[in-house]
Amino acid sequence: MIRIKSSDEIEKMEYACRVVAEALEFSKELVVPGTTTYEIDRKLEEFLISKKVKPAFKGYSGYPASTCISLNEVVVHGIPSKRVVLKSGDVVSIDLGAVYEGYYGDAAKTYVVGQVSEEALRLLKVTEKALRIGINAARPGARVGDISHAIQEHVERNGFNVIKDYVGHGIGRELHEEPQIPNFGKPGTGPKLMAGMTLAIEPMVSAGDWRTVLTSDGWTAVTVDRSLAAHFEHTVVITPEGARILTTCKGGN
Ligand code: MF3
Ligand code: CO
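Source: prediction; values computed, not measured.

Draft legend 1. Local environment of the overall build of the protein. Tallying secondary structure elements over the protein gives four helices and 15 strands in all. Overall size of the protein, expressed as C-alpha extent along the three principal axes, is 45 × 40 × 35 Å. Residues classed as buried in the protein amount to 55% of the 253 residues present. Considering only residue pairs separated by 6 or more positions, the protein has 70% of its internal contacts joining residues 24 or more positions apart. Working note: accessible area of the protein is about 10900 Å², and carbon and sulfur atoms make up 51% of it.

Here's what the structure looks like:
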């Protein structure tokens, strides 16, 4: 069952989502050579708490941190660590979630550290654009498969591959609600979208093989061929006019 949210519920999500967006904005200045991903996690957790929201990931299925920080070939769920030090050339995705009065927000962005390859820049551009295109496909009457297809088509047309082992999701009273939103699929298939649905749309893209493996910590997902990966995510609400991004700072960005 896909839950339709009331305007009161959406207001709570708006707050959780805005703080997530502000934290991601703040994280831009934290992504510099020499910083550990542990330090970034600490600062972002402090930021969330200072804004009166709870980190959504900490303790989720036993996850040990407030953020997921995934470098280079790590696709998602990189655990922040004192041993992971950022250096010029790294591609770093930061994924974070917050809960406010029981309502969730979730977003991710991928950043570059210093100078990176042309391919890395193109990967980020294509993945971020795929998210925009997916969001544009999310309107009342459309189906989940329309979002999935739009994302896959843009990514593959640009010579990259969508990750299939992880998917986007409904969000609201839980971090993960129905429906699942794969980044691949056929138009006109899957659940129908309606105003009041709240979704986390999150293309994860590999510059090489789309298959992933887990490392020994049981969380970190890396591309099997160790090729670069990128991840962008927004929480959106479906309105009669189309999808509205909730994980945005006041004034929009
Ligand atoms: N944004 C991711 C997701 O939506 C991260 C959550 S994983 C967690 O699934 F376990 F760390 F919470
Ligand atoms: Co998510």
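More follows now that the structure is in view.
Draft legend 2. Quick look at the sheet that holds strand β12 (residues 221–223). In space, the three strands of this open sheet follow the order β3-β12-β11, with antiparallel pairing throughout. One side of each edge strand has no neighbouring strand; the edge strands of this open sheet are β3 (74–76) and β11 (212–214). In this sheet, neighbouring strand axes are inclined to one another by 45° on average, regardless of whether the strands run parallel or antiparallel. Pairing geometry for β3 and β12, over two bridges, is antiparallel. If you follow Val76 over to β12, its bridge partner there is Ala221.

Draft legend 3. The coordination of the cobalt ion (ligand 2), seen in detail. Every protein donor of the cobalt ion (ligand 2) is listed here as Asp106 (OD), His169 (NE2), Glu202 (OE) and Glu233 (OE), and their distances to the metal cover 2.1 to 2.3 Å. As a motif over one chain, the donors of the cobalt ion (ligand 2) read D-x62-H-x32-E-x30-E. Placement of Asp106 in strand β5 (residues 103–112) and of His169 in strand β7 (residues 168–170) is noted, with a sequence separation of 63 residues between them. A relative accessible area of 2% places Asp106 in the buried class. Residue His169 is classed as buried on the basis of its relative accessible area, which comes to 4%.

Draft legend 4. Geometry of the packing of aromatic side chains. Going through the model one piece at a time under the given rule, you end up with three aromatic pairs. Ring geometry for Tyr15 against Tyr100: centres 4.6 Å apart, planes inclined by 55°, an arrangement best described as tilted. Of this pair, Tyr15 sits in helix α1 (residues 7–27) while Tyr100 sits in strand β4 (residues 91–100), and the two are 85 residues apart along the sequence. Its relative accessible area of 25% is what places Tyr15 among the partly exposed residues. Judged by relative accessible area, Tyr100 falls into the partly exposed class, the value being 23%. Ring geometry for Phe26 against Phe47: centres 5.4 Å apart, planes inclined by 25°, an arrangement best described as stacked. With Phe26 in helix α1 and Phe47 in helix α2 (residues 37–50), this residue pair connects regions lying 21 residues apart in the sequence. Judged by its relative accessible area of 23%, Phe26 is partly exposed. Given a relative accessible area of 17%, Phe47 falls into the buried group. Sitting over the face of the ring of Tyr38, Lys82 holds its NZ or CZ atom 4.8 Å from the ring centroid.

What counts and what doesn't
Residues numbered from 1 in each chain as written. Chains lettered and ligands numbered in written order. Predicted model: local features only at pLDDT ≥ 70, side-chain atom pairs only at ≥ 80, totals over all residues. Heavy atoms only, no water. Helix = DSSP H or I, 4+ residues; strand = E, 2+ residues; numbered from the N terminus. Buried < 20%, exposed > 50% of the residue type's maximum accessible area, 1.4 Å probe, protein only. Contact = heavy atoms within 4.5 Å. Areas by Shrake-Rupley, 256 points an atom, 1.4 Å probe, with all protein chains shown as cover. Pairing = 2+ DSSP bridges. Axes fitted to C-alpha atoms, helices over the stretch in contact; angles between N-to-C directions. Donors = N, O, S within 2.8 Å, 3.2 Å for Na, K, Ca; no water. Phe/Tyr/Trp six-rings, centres within 6.5 Å; stacked < 30°, edge-to-face > 60°. Lys NZ or Arg CZ within 6 Å of the ring centre and 35° of its normal.

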